[in-house]
Amino acid sequence: MMPLSVLFLQGPASPFFRELSWAMRRRGHQTLRVNFCGGDLVYGDRGTRYSNYMGAIERLPEWYRRMLESEAPTDIVMFGDCRPVHAPIHDIARERHVRVHVFEEGYVRPNWITFETGGVNGRSALSRDPAFLLSSSESVPPAPLSAPTGYNLRERALHDICYRIANGAYAWRFATYRSHRPYNGITEYAALASRFARKSRFEREADNLTGQLLQSGKPYFLFPLQLNTDSQITHHSAFGSMLNAIEVVLESFALHAPPDHLLVVKNHPLDTGIACYGQVIEQLARKHGISSRLRFLNGGHLPTLLAHAKGVVVVNSTVGLSALHHGRPLIALGSAIYGIPGLTWQGSVDTFWTGATAPDMHLYQLFLNYVLYKTQINGDFYTKSGIRMAIPAVIDRLEAQAT
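What this report covers is the structure whose coordinates are included nearby.

Cut-offs applied
- Chains are numbered independently. Their residues run from 1 in the order of the written sequence.
- Side-chain atom pairs in this predicted model are given and counted only at pLDDT of 80 or more, local residue features only at pLDDT of at least 70, and totals for whole chains, interfaces and linings cover all residues.
- Hydrogen atoms and water are omitted, and side-chain values are computed over all heavy atoms in the structure.
- Basic side-chain nitrogens of Lys or Arg form a salt bridge, by our definition, when they fall within 4 Å of a carboxyl oxygen of Asp or Glu.
- Elements are defined by DSSP. Helices are runs of H or I of four residues or more, strands are runs of E of two residues or more, and each kind is numbered from the N terminus.
- Categorising residues by exposure relies on relative accessible area from a 1.4 Å probe, with only protein chains included: less than 20% of the type maximum marks a residue as buried, more than 50% marks it as exposed, and the intermediate range marks it as partly exposed.
- Any two strands between which DSSP finds at least two bridges are classified as paired.
- With the strands pointing away from the viewer, any crossover whose connection runs clockwise from the first strand over the helix to the second is right-handed.
- Here, axes are lines fitted to C-alpha atoms. For helices the fit covers the stretch in contact, and angles between N-to-C directions go from 0 to 180 degrees.
- Oblique is the label for every angle not falling under 35 degrees (roughly parallel), over 145 degrees (roughly antiparallel), or within 65 to 115 degrees (roughly perpendicular).
- Less than a right angle of anticlockwise turn of the near helix away from the far helix marks a crossing as left-handed, whereas a clockwise turn marks it as right-handed.
- Contacts are assigned to residue pairs with any non-hydrogen atoms lying within 4.5 Å of each other.
- Each residue receives one of three labels: charged for Asp, Glu, Lys and Arg, nonpolar for Ala, Val, Leu, Ile, Met, Phe, Trp, Tyr, Cys and Pro, and polar for the others, Gly being one of them.

**Let's talk about the pattern of salt bridges**
For the coordinates displayed, the defined rule picks out eleven salt bridges. In this structure, Asp-91 engages Arg-94 in a salt bridge whose closest nitrogen and oxygen atoms are separated by 2.7 Å. A residue pair is termed a helical-turn pair when its members lie 3 or 4 positions apart in one helix, as Asp-91 and Arg-94 do in helix α4 (residues 89-95) at three residues.

**So, the pairing of strand β1 (residues 5-8)**
Of the two faces of β1, the one holding Ser-5 and Leu-7 and the one holding Val-6 and Phe-8 are both buried throughout. Summarising the sheet, β1 and strand β2 (residues 30-35) pair through four bridges and their orientation is parallel. Bridge pairing in β2 places Ser-5 opposite Gln-30. Regarding the hand of the β-α-β motif, the stretch spanning β1, helix α1 (residues 16-26) and β2 is right-handed. Pairing geometry for β1 and strand β4 (residues 75-79), over three bridges, is parallel. Within the sheet, the bridge partner assigned to Phe-8 lies in β4 and is Val-77.

**Some details on the packing of helix α10 (residues 242-256) against helix α11 (residues 277-288)**
It is the contact of α10 with α11, at a shortest axis distance of 10 Å, that shows an interaxial angle of 30 degrees. The pairing of α10 with α11 is recorded here as roughly parallel in orientation. Crossing hand, α10 versus α11: right-handed. Facing Met-242, Leu-243, Ile-246, Glu-247, Leu-250, Glu-251 and Ala-254 of α10, the residues of α11 in contact are Tyr-277, Val-280, Ile-281, Leu-284, Ala-285, Lys-287 and His-288. Here the residues of the contact of α10 with α11 are counted per class, giving ten nonpolar, one polar and three charged.

Structure follows, in structure tokens:
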């Protein structure tokens, strides 16, 4: 096999891309990286050649064209395909027949990361054809069991803080850089600290509400929220923000759901509180006359809530796969890899409340096998053990695609 020439764009806020670059070079491949900010510079592989992009975002497409012409990479890797610094590369790489590979958090969780050629989520090339899945049983192996990666939120947060500090320290060098994240680190971590201080109370309240809900026996639909700035919401749905999705779902529930059913809205565990979902939901519930039929949880045990739900509403969250795993009727309001006839409700949200049916669990298992085989790698981006597990499998896939 001829050596690969891999161009690294922006990675996760962790040593993952640095370790992957080292490993690629040890296997005899060439590597090159682009730094867009101080975090990229500090977390980059010091042994590989690099270029610092310090221009305006509007000039980036032409800069990419020149780089791909002069460097002629065989492959490009990035974390997330919707970041402003990544958006222009897709068409340019396609024109020059350069393979693009995108990392993202796992479609299947925990213990998996996503590594997909072409794009992820709304850009994914995974088939949505149930007939294809039904015919894939002989060519796609059964879903393997995952090994635990040692992932912990504290280590992830530490890398994120270090990455942001580096961004600040080198802001003078990358003066035009603007992060894809809408809030600065001080704002986000102040909000997260406030939420963490109330975490015990949130969990206690959520457990009490869940207990009351299950004891009452009242049927309920579950609506798990995504982060307001998630690219799945901003790029791969018609809503543009989670707040808009909330308004649509609550209004539809008020008008079309059976009057004896409840709606349970569960907040995302990493929500900072900046979007003030609780206040917004309370106001909308009053507006639509459903205050007595709505429960908002700032915590809670998701598997328990899924196991007893009459149905689940998501935009395109990975919680959708968990809902399918529990055999729950599901509707995906955005572009989701699991938005397949037989797995999700194909009608409108207005008809979902009374018409939804359970997924075909045989089709779900075939879909799970397919997703794991094509896009998932056992590991994580943030711990030494998780990175050590993932990198050999990533390189094997890159080399396999080059043959």
